[in-house]
Amino acid sequence: MKNKIISFFAGIVISIYSFGASAVTEVVWWDFLGGGDGVRMKQMIDNFNEAHPDIQINATTLEWGVPFYTKVQTSAAVGEQPDIMTYHLSRFPLAVPTGVLRPISAEELASVGITADRFFPANWEAANFGGATHGVPLDIHANVMYFNAEVLGEAGLLDENGHPTLLDGVDNFMNGLAKLDEMMEFPIGFASDNGGMIWRWWYSILNMMEGDFVDGSSICPGDKCEKSLQILIDLVEKGYMPSNVDYQSAKGMFISGESAIHINGVWEVPTMVDLMRNNELGFKFGVVDMPQVGPKMATWSDSHAFAIPHSDKNPISDEKLEAVLKVMGWMSDNSLFWGTAGHIPANTEVVDSVFYKNMQPNSTYANIGENMVVDPFLPIAGVASPTYDAFSNYIAPAVNGELSAEEAIQMMRDDLEALM
Amino acid sequence: MTKKITISWTVLTILSLIVALIFMFPLYWAAVTSLKQETEVIDPNWSIFPRILSLAAYLDVLTKSAIGTWYINSIATSVGITLLVILISMPCGYALSQIDFVGRKIILLAVVVSIMVPGTALVIALFVLISDFNMINTWSGVILPQVLSPVCVIVYKQFFDQVPKELREASIIDGATEFQILIKVYMPLNWGITTALALVTFIGAWNNFFWPFIMTTKAEMFTVPVAITSVSDAYGIFLARDMAVAILAALPVTAFFLIFQKRVTQAIMLTSGIKG
Amino acid sequence: MKKYSNSNFWGLLLAFPFIFFYVLFLLYPTIYTLLFSFTDSPLIGWGKWVGLENYIKLFNDKLFLKSLKNTFVFVFWTVVPNTLIGLMCAMMINRLKNPYIAAFLLACFFIPHILPVTVVTQVWSWMLSKQYGIIQEFLEFLGYAKIAFFKKKQFAMPAVAIVTIWWTVGFNILLFIAGLKSINPEIYEASDLDGANSWAKFRYITWPLIWPITALVLTLQLIFQLKIFDQMYLLTAGGPFNSTLVVLQLVYKQGFQMNRGGYASAIAMVLFLIIIVVSIMQYYVLRDKEKDK
C-alpha cells in the first residue's frame, strides 16, 4: 500500500516536472563578455526571455580567453557543453579543424531568416571558414582611443570640433603626450601586462606601417614588427604609460582622471556612458580612432559570433537546435541595441539604418569601419592562440622593459615558425 | 635580575602582537577594501580606513551573482565528503585495529602507502572515470574522488587500539556482532576524534579548489572557491566586489574555526601523527 | 571458534567500503594513467599505442624540463623557510606568559591556513597589484619604484612562495608548539645552572628534542609543495616566460588545454614517481638521522 502511494505521488511529481519541462526549452548559454558590453548583453538576454516565455536563456559569463575556450573543449568532450556560445571569428582557423564547432546548414539558418546577404562579405567569409557556416556573426569590434575631453582641452590638444589633435603622425602624437606628461604622471592608461591588449594595438601599428605579420611560412618578415613594437616600448620608457598594469587598473586610471587617454576596445564604451549617466565620471569623455603613427590608417578588429559546440557524446537535440536558431535570429534582428555596447552590429541592415547612424558616441568613431584589419587567418593566430601566448610570454615583457624589441620578436618567430 | 626579565617579557609580548597584526594585515586590508565604494578604491589618495563605509560591494555580490547557488554546492559537497569520509574510514580503522582477518596486513600496508601517493597526479584518469559515469557537473563527481582518507583510517586505528580490550571481550561474550561493537562501544568512546576529524575534513573539502575546478564545467555547479575566480560579471570596475566575494567565501570556514578552535587544532595534530 | 570464523567476514565487510573506493579511485586511475601514457590519446577516448614515445618526447621537451626545475626551485623557496619561520614563531608564542595572548596569536597565524586558496590569491593579488596594491605604497615610501611582482621574472617565484608561506605557516607553528610543549622544562632549568646561554639551550636541547617534529614538518611540506598547482595557476598562470610553470600545471595544460591526454599522462606518471621516490628517500634519511641521535 505504501508503495502504491509513493508511486502515485511520484507519478504526479514527474508529470508536473515533464509538463513544465516541455513547456519551456532552456537554452544554456556561455559567453565571455565581462567588459562594459556584458551589461548590455545581459539586458538583451532579459529582453529575449521576456519576449519568449517558451524559450529561456540560462546565461553564464566565464573568464575571457584561454579559460573559456578550454572549458568549451573539455565540456564538449564529456557531453556537458552549452547549447550556444559566443566565439571569436579570429579563432575559427584554429577551432574548425578540431571539430569543436557544429556546422550550421543554410536551411537551418534560413529558417530564422539568416542569409549571407545580411552580412558584410569579409565577415561572412570568415564565419564560413572550412566550407560551412560555423557561426553567426553578431558584431565587429575594434580598438579605439578614449580621451578626457576636459584635460585635452586644457592642454590645447583639441580642435574647434572637440577632436583631439594628436592623432596625425607619430611625432604629433609624441609631442601631444609630452605636453600631457607635464600635467600628469601617466598620460596613457593602458593594460601593459595584457598580451591580448598589446596584440591589438601593436597589430594596428604594424598595419599602419604597412608591415606584414606573416609571409608564406615566415613570421614578421623585414623589420616593421620590431619598429612597431619599439613605439610601444618607447611609450613606457618615456613614462607616458606605466609598465605592468592590469586591465582593470588601466581602466581605473582613466576613469579616476589619473590618465587622459585610454587605449582599449569599443566594448568599454557602455562603461563610460553608464558612469557618465550616473554622474560618476568626473569629466566629459570622447571616443575616436587610435592615433595614426604610420603612412596608412589601420585599426585591429575582430568579430563575435554565436556558435554551437559540437559533441560526439551528446549532440544537440532537434528541439534545442530549433530554440538556439531562434535565439540567433532574434539576436541578429535586434542587434541595434548591441550597438550601445560600443560594437558595430554585423547585420548590415541595422548598420545602414538611421538609428544606428545617429547613435552616440558610436558615430564619432564610425570611420574605423573603413580601416579595419583582422587577425591573420591562420591556426596560429586569433584569441587564445599561440600568437596570443607569444605576446604574453615575450612581447609583453618587451613592452615592460625586460627584453629588447629584436629579442622578443625573434623569440616569437622561433615559437610560431615551428608551428607553421 | 627579576626586573630585567619583566621588561623582556613585555617587549616580547609587544613584539609578538606586532608580528601577529602585520600577519593579519592582508585580511584586514581585503575586508576594508570590500567596505569601500569602488570609486574610493581606485582613488590615488587612498586611506587605511574607508572614508565612506559602504556595503554596496556586498549587495552587488548577493544580488547580481549566483553566490547562493555556489554556497549550496559547497555545503552539499563538503557535507557529503565529510559524512562519507567518516563512514568509510571508521569501520576500516576498526577492522584493522580489532579484527584479525585475512588480508589485514596487506590492507594496512596499502593504506600507509597511499598517504604518499599524489592523487592530484591522477587527475586525467579520474576526470575520464567520472565522465564515463556521467558524473561531471554533479555533486557526486566532486565528492567521490575526495572520500578516500588514509590518514583518517590510521588515526581511527590508533585510537581504537587504545580502547581497553576488556570492553570488546565483554561485548563478544554478550553475543554482539563486530558491527554492534563498533557502533555501541568504540564509536561513542571516540566522539571527540570523530568530531575533530569531521571538522578538519569539512574545512579541507570546503577549501578544495583543484577537484571542483576540474570536475565542473558549468557555472551553476561551481563551489564557492572555484566560482570566485572563474566567473566574471560585467560592470565597469569591481575591485571592491572581488574582495567582498573573497570575504564571503572565507566566512564559513573562518566561523567554523573560531567556534571549534580546540577541536580543529587537535585534529591537525592528530592527522599529522602527533599525540596531543 | 565462533569469533574466528566470523572474523574474516566482518573484517572484510567493514573494510570493504574503503577498499572499494581505494581500488576505484586510486588503483584503477594509476593503472589507467600508466597505460594512457603509452598512447597518443586526446583527453577523452583512446588513441593508438605508441610505446615509450611520449616519455622520449618528454625528456627532450624544454618546457617539461623547465617545469621540473621550477617545481624544485619552488620547493627550495618554501620548504625550508616555511619550516624555520614556523619554528621561530612557535618558539616566540611558546615563551609568552599570558595564555590568552598566546591563544590569540596562534589563532592569528592559523586563520590564513583555513582559507580557500582562491581567497588567499585574491587577497594577495590585491595587496601586490602593480597599480593599486598597498605594498607598492610601502615600496615607494622606502624609495623604491613600484614592482609588478607576478610579471617580473626575479620576483614571480618568490612572490608565490611568500603567499604560500603566509597561507601554510600556521600549520607548522601548531605542530611545533605541540612539540615544544612536550619538552620537560626541568631540562632547561638544569642547563641554566650549568650557565648555558640562549643559543646553547637552543642548539643542544630544543633542536634535538624537537627534531622528530621538524622532520615531520619537512616531510609534509616537501610532499605538499611538489604537488603545487593552485597558487601558480591562479597567480601567474605559469608566467613570466614560463618561469613559474610547475609540473602539475603542465599536466593540466597539455591534458585539458591542448587536449593531449596521453602525453599529459606521461608527465603525470613522472611526477608521481618523483614524489614517491622523494618521500621514501626523505623517510629513510630522516629516520637515519634520528637514529644517530
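Quick caveat, the model's predicted, so the values are computed rather than measured.

**Concerning the overall build of chain B**
When helices and strands are tallied, chain B shows 15 helices and zero strands. For a compact globule of 276 residues, the expected C-alpha radius of gyration is about 19 Å, and chain B comes in at 24 Å, more than 25% above that figure. Principal-axis analysis of the C-alpha atoms places the extent of chain B at approximately 75 × 70 × 30 Å. Within chain B, contacts between residues separated by at least 24 positions form 71% of all contacts whose residues are at least 6 apart in sequence. Distance between charge centres in chain B, computed from 16 positive and 14 negative side chains, equals 11 Å.

**Some details on the interface of chain A and chain C**
In this complex, chain A contributes 22 residues to the contact, which on the side of chain C involves 17 residues. Around 1,600 Å² of area is buried between chain A and chain C when both sides are counted, 49% of it from carbon and sulfur atoms. The tally of links from chain A across to chain C stands at four residue pairs in polar contact (both at pLDDT 80 or more). Going through the elements one at a time, α3 (66–77), α11 (247–255) and α17 (386–399) of chain A are the ones with two or more residues in the side of chain A that touches chain C. With five residues, the top contributor of residues to the side of chain A that touches chain C is α3(A). Looking at the side of chain A that touches chain C, its residues break down into nine nonpolar, nine polar and four charged.

**Brief notes about helix α11 (residues 191–207) of chain B**
All names here are of chain B. Its 17 residues give α11 an end-to-end C-alpha distance of 24 Å, which sits within 8% of 24 Å, the value for a rise of 1.5 Å per residue. For α11, a buried count of twelve out of 17 residues is recorded, marking the element as mostly surrounded by other parts of the structure. Burial in α11 covers these residues: I193, T194, A196, L197, A198, L199, T201, F202, I203, A205, W206 and N207.

**Here's the deal with the packing of aromatic side chains**
Using the criterion set out here, one finds 62 aromatic pairs over all chains in the structure. Between W199(A) and W202(A), the ring centres sit 5.8 Å apart and the planes meet at 35 degrees, which makes this aromatic pair tilted. You can see W199(A) and its partner W202(A) sitting in helix α9 (residues 195–208), three residues apart, about one turn around the helix. Given the relative accessible area of 0%, W199(A) is considered buried. Consider the rings of W199(A) and Y388(A), whose centres lie 6.3 Å apart with planes at 45 degrees: the pair is tilted. Remark: Y388(A) occurs in helix α17 and W199(A) occurs in helix α9; sequence separation between them is 189 residues. For the pair shown, W199(A) and Y388(A) are each scored as buried. Site record: aromatic cluster; members linked through ring pairs are F127(B), F209(B), F210(B), W211(B), F213(B), F229(C), Y233(C), Y252(C) and F256(C). In this structure, K57(C) packs its charged tip against the face of Y263(C), placed 5.2 Å from the ring centre. A cation over a ring is seen here: R260(C) above Y263(C), with NZ or CZ 4.8 Å from the ring centre.

**Examining the interface of chain C and chain B**
Interfaces are often sized by the amount of accessible area the parts lose when they come together. If you look at the interface, chain C gives 81 residues, while chain B gives 86 residues. When chain C packs against chain B, the two sides together hide about 7,900 Å² of surface, and 84% of this comes from carbon and sulfur. Considering only the side of chain C, the residues that lose the most area to chain B are F18(C), F25(C) and W126(C), jointly responsible for 10% of the buried surface there. Seen at the junction of chain C and chain B, the total is zero salt bridges. Between chain C and chain B we count seven residue pairs in polar contact (both at pLDDT 80 or more) in total. In terms of residues, the side of chain C that touches chain B owes the most to one element, helix α1 (residues 2–36) of chain C, which gives 22 residues. For the side of chain C that touches chain B, a count of residues per class yields 64 nonpolar, eleven polar and six charged.

**Quick word on the pattern of salt bridges**
Taken as a whole and assessed by the stated rule, the structure comprises 16 salt bridges over all chains. The closest approach of N and O atoms between E108(A) and R102(A), which form a salt bridge, is 3.2 Å. Here the two residues E108(A) and R102(A) agree in accessibility, since each one is buried. With its nearest N and O atoms 2.8 Å apart, the salt bridge here joins K152(C) to E402(A). With K152(C) in the loop between α6 (134–141) and α7 (153–181) and E402(A) in the loop between α17 and α18 (405–417), the pair connects residues from two separate chains. Take E402(A): its relative accessible area is 26%, and that puts it in the partly exposed class. Put simply, R40(A), D274(A) and R277(A) are held in one network by salt bridges that share partners.

**Describing the domain arrangement of chain A**
Residue and element names in this part refer to chain A. In terms of domains, chain A is made up of domain 1 (2–138 + 303–365) and domain 2 (142–301 + 385–417). Computed from C-alpha coordinates alone, the two centres of domain 1 and domain 2 are separated by 32 Å. Tallying the contact residues gives 15 residues for domain 1 and 17 residues for domain 2. Buried surface at the junction of domain 1 and domain 2, summed over both partners, amounts to about 1,200 Å²; 62% is from carbon and sulfur atoms.

**Re the side chain of N207(A)**
Residue and element names in this part refer to chain A. Mapped onto the fold, N207 is located in helix α9. Classification of N207 as buried rests on a relative accessible area of 12%. Of the polar contacts made by the side chain of N207, one reaches the backbone oxygen of Y203; its length is 2.9 Å. With residues near it in sequence (within four places) discarded, N207 still touches K296, A298 and V373.

**Digging into the nonpolar core**
In this structure, L180(A) and W202(A) are the most contacted members of the largest nonpolar core, which totals 341 residues. The dominant element in this core, judged by the number of residues it contributes, is α7(C), at 17 residues. The contact partners of W202(A), leaving out residues within four places of it in the chain, are F213(A), C220(A), C225(A), S228(A), L229(A), L232(A), F391(A) and I409(A).

**Here's the deal with the confidence of the model for chain A**
For chain A, per-residue confidence averages 90 on the pLDDT scale, and 95% of positions sit at 70 or higher. Across chain A, the element-wise mean pLDDT spans from 57 in helix α1 (residues 2–23) of chain A up to 96 in strand β3 (residues 84–88) of chain A.

**Regarding the confidence of the model for chain B**
Summary statistics for chain B give a mean pLDDT of 84 and a share of 93% for residues scoring 70 or more. Predicted complex, confidence summary: ipTM 0.82, pTM 0.82.

**Regarding the state of the cysteines**
Think of a disulfide as a covalent bridge from one cysteine sulfur atom to another cysteine sulfur atom. Enumeration according to the criterion identifies one disulfide over all chains in this entry. With a sulfur-sulfur separation of 2.2 Å, C220(A) is cross-linked through a disulfide to C225(A). Sign of the S-S torsion, about -85 degrees for the bond between C220(A) and C225(A), identifies this disulfide as left-handed. Side by side, C220(A) and C225(A) carry an identical accessibility label, which is buried. This cysteine, C92(B), is not joined by any disulfide, and C152(B) carries the nearest cysteine sulfur, 11 Å off. Judged by relative accessible area, C92(B) falls into the buried class, the value being 0%.

**Digging into the side chain of Q81(A)**
Residue and element names in this part refer to chain A. Structurally, the position occupied by Q81 is in the loop between α3 and β3. Here the side chain of Q81 touches N314 through a polar contact of 2.8 Å, landing on its backbone oxygen. Contacts of Q81, omitting those with residues within four sequence positions, involve S75, A76, P309, S311 and N314.

What counts and how
- Residues numbered from 1 in each chain as written.
- Chains lettered and ligands numbered in written order.
- Predicted model: local features only at pLDDT ≥ 70, side-chain atom pairs only at ≥ 80, totals over all residues.
- Heavy atoms only, no water.
- Helix = DSSP H or I, 4+ residues; strand = E, 2+ residues; numbered from the N terminus.
- Rg over C-alpha atoms; globule rule 2.2 N^0.38 Å.
- Contact = heavy atoms within 4.5 Å.
- Lys, Arg positive; Asp, Glu negative; His and termini not counted.
- Charge placed at Lys NZ, Arg CZ, Asp CG, Glu CD.
- Buried area = accessible area lost by both parts, 1.4 Å probe.
- Polar contact = N/O pair within 3.5 Å; in protein donor to acceptor, adjacent residues only side chain to side chain.
- Nonpolar A, V, L, I, M, F, W, Y, C, P; charged D, E, K, R; others polar.
- Expected span 1.5 Å × (residues − 1).
- Buried < 20%, exposed > 50% of the residue type's maximum accessible area, 1.4 Å probe, protein only.
- Phe/Tyr/Trp six-rings, centres within 6.5 Å; stacked < 30°, edge-to-face > 60°.
- Lys NZ or Arg CZ within 6 Å of the ring centre and 35° of its normal.
- Salt bridge = Lys/Arg side-chain N within 4 Å of Asp/Glu carboxyl O.
- Domains from an automatic or database assignment.
- Core = buried A, V, L, I, M, F, W, Y, C linked by side-chain atoms within 4.5 Å.
- pLDDT = per-residue confidence, 0-100.
- Disulfide = S-S within 2.5 Å.

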